[in-house]
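Coordinates in review
Chain residues, written in single-letter form:
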Amino acid sequence: MAGAACGSLRRPTCIPRPRASVSRPAIALSALHSQDPSHTGSTTPAVELIDVHKAFGDRRVLAGVSMRVERGERVALLGESGSGKSTLLNLIAGLEPVDAGTVRVGDTTVSMLDADQAALFRRTAIGFVFQAFHLLPHLDAARNVAVPLLLAGVSAHAALEQAIAMLARVGLGARARAWPRELSGGEQQRVALARALVHRPSLVLADEPTGNLDPSTAAAALALIGEMTEAGGAALVLVTHSAQAAAIAHRRLRLGPHGLGVDDGDAADARA
Ligand SMILES: Nc1ncnc2c1ncn2[C@@H]1O[C@H](COP(=O)(O)OP(=O)(O)OP(=O)(O)O)[C@@H](O)[C@H]1O
Ligand SMILES: [Mg+2]
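Residues numbered from 1 in each chain as written. Chains lettered and ligands numbered in written order. Predicted model: local features only at pLDDT ≥ 70, side-chain atom pairs only at ≥ 80, totals over all residues.

Relative to the helices and strands, Met-228 resides in helix H7 (residues 215-232). In this structure Met-228 comes out as buried when scored by C-beta crowding, with 21 C-beta atoms within 10 Å. Considering only alpha carbons, one finds Met-228 and Leu-193, 35 residues apart in sequence, at a separation of 8.7 Å. With residues up to four places along the chain from it excluded, the contact list for Met-228 reads Leu-193 and Leu-197. (Helix = DSSP H or I, 4+ residues; strand = E, 2+ residues; numbered from the N terminus. Buried ≥ 20, exposed ≤ 12 C-beta atoms within 10 Å, placed from the backbone. Contact = placed C-beta atoms within 7 Å.)

A few words on helix H5 (residues 156-169). Since the α-helix advances by 3.6 residues per turn, residues separated by three or four positions end up pointing in the same direction. Compared with an ideal rise of 1.5 Å per residue, which puts 14 residues at 20 Å, H5 spans 20 Å between its outermost C-alpha atoms and is within 8% of the ideal. For H5, the full list of buried residues reads Ala-159, Gln-162, Ala-163, Met-166 and Leu-167. Along the axis of H5, the buried positions cluster into a sector of 140°, meaning they face one direction only. Exposed side of H5, more than 90 degrees from the buried face: His-157 and Ala-158 are the residues found there. (Expected span 1.5 Å × (residues − 1). Arc of directions from axis to C-beta.)

Attention now moves to the confidence of the model for the chain. Considering every residue of the chain, the mean pLDDT works out to 83; 82% of them sit at 70 or more. Taken element by element, the chain is modelled with least confidence in helix H1 (residues 2-6), mean pLDDT 37, and with most confidence in strand E4 (residues 100-105), mean pLDDT 98. The low-confidence segment residues 35-41 (pLDDT under 50) makes 10 contacts with residues lying over four places distant or belonging to another chain. Note on residues 267-272: pLDDT is under 50 here. Beyond four places in sequence and across chains, it has 13 contacts. (pLDDT = per-residue confidence, 0-100.)

For sheets, the rule is that strands pair by backbone hydrogen bonds, running either parallel or antiparallel. One open sheet holds the 4 strands; their spatial order is E2-E1-E4-E5, and the pairing between them is antiparallel. Where the open sheet ends on each side, the last strands, each with one partner, are strand E2 (59-69) and strand E5 (108-109). In this sheet, E5 lies alongside E4 in antiparallel orientation, the contact comprising 2 bridges. Along E5, the bridge assignment pairs Val-105 with Thr-108. (Pairing = 2+ DSSP bridges.)

Turning our eyes to something else, we now look at the pairing of strand E9 (residues 251-256). Residues in a regular strand project their side chains so that they alternate between the two faces of the sheet. The element E9 is extensively covered by neighbouring structure, given that 5 of its 6 residues are classed as buried. Pairing of strand E3 (residues 74-79) with E9, which is carried by 5 bridges, proceeds in the parallel orientation. Looking at E9, one finds that Leu-77 is bridged to Leu-253. As paired strands, E9 and strand E10 (residues 259-262) are joined by 4 bridges and run antiparallel to one another. Bridging from a neighbouring strand, Arg-254 pairs with Gly-261 of E10. The loop that links E9 with its antiparallel partner E10 comprises 2 residues.

A word on the packing of helix H6 (residues 185-197) against H7. Helix packing for two helices is described by the angle between their axes and how far apart those axes are. It is the contact of H6 with H7, at a shortest axis distance of 10 Å, that shows an interaxial angle of 15°. Taken together, the axes of H6 and H7 lie roughly parallel to each other. The hand of the H6/H7 crossing is right-handed. Contacts from Gly-185, Gly-186, Gln-189, Arg-190, Leu-193 and Leu-197 in H6 reach Thr-217, Ala-220, Ala-221, Leu-224, Ile-225, Met-228 and Gly-232 in H7. A class-by-class count of the residues in the contact of H6 with H7 yields 7 nonpolar, 5 polar and 1 charged. (Axes fitted to C-alpha atoms, helices over the stretch in contact; angles between N-to-C directions. Parallel < 35°, antiparallel > 145°, perpendicular 65-115°, else oblique. Left-handed = near helix turned anticlockwise from the far one by under 90°. Nonpolar A, V, L, I, M, F, W, Y, C, P; charged D, E, K, R; others polar.)

Structural data, given as structure tokens:
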């Protein structure tokens, strides 16, 4: 599900043009990497970006971004509108090609894949949660959740069974047959979360997943994203405008005009 709708989420309006990174901030590269021993070790990281560059025409969006997310780690990505957060997620998911640099997700070098290979890779390895839910209106909740399994070749019967079980885990066991239009915003977001996790991806990418929810529903949805990714052992890259939303993350990073840095919005919380 990751692929189809992501591009349509992009906000057409934009916003401060990222300046070319003439001078780099005094942030050691190591500060962008987890220092938490529970997330480090010898295993391949969940995500690794090495000196990634991306421009759209003459608009340089990412200039030499490097980051590493460990398996099971939750990282929040903050930054002004137009700073390149969605672009970064798209590069990680292989939805956009990099201009230069390396993107790895687990053992796969996503930046080397062509579009078809990247689509196949996303089906198994990545769950995407969107701000606007993007449920398919002509499918009930269970069938929406079943889609990634069907794409992965699971039989219809087994896919539906697993989808219903996943809906139960997000508290919607009784709403499996409901149409998206019959569900509240928070319920739709829970269906979208179930869909992102049902195929047990090792990486969940969430692009402002609570932007369309009221504050208390958003808080509940975020808590659920934290719990569910933790339960599945998935790494999470969560794009958000809200420092509060970032509280479910182990680390907070900020994309700015000079690249990616540790978010110091609340230094006490930043563990980078
Ligand atoms: N396909 C594209 N073609 C041209 N420009 C693009 C494209 N995608 C993104 N951009 C530009 O790249 C910049 C970064 O966009 P991006 O969507 O990554 O920002 P963002 O940090 O996610 O912003 P927001 O918080 O508003 O969602 C913007 O200036 C945007 O206009
Ligand atoms: Mg965005």
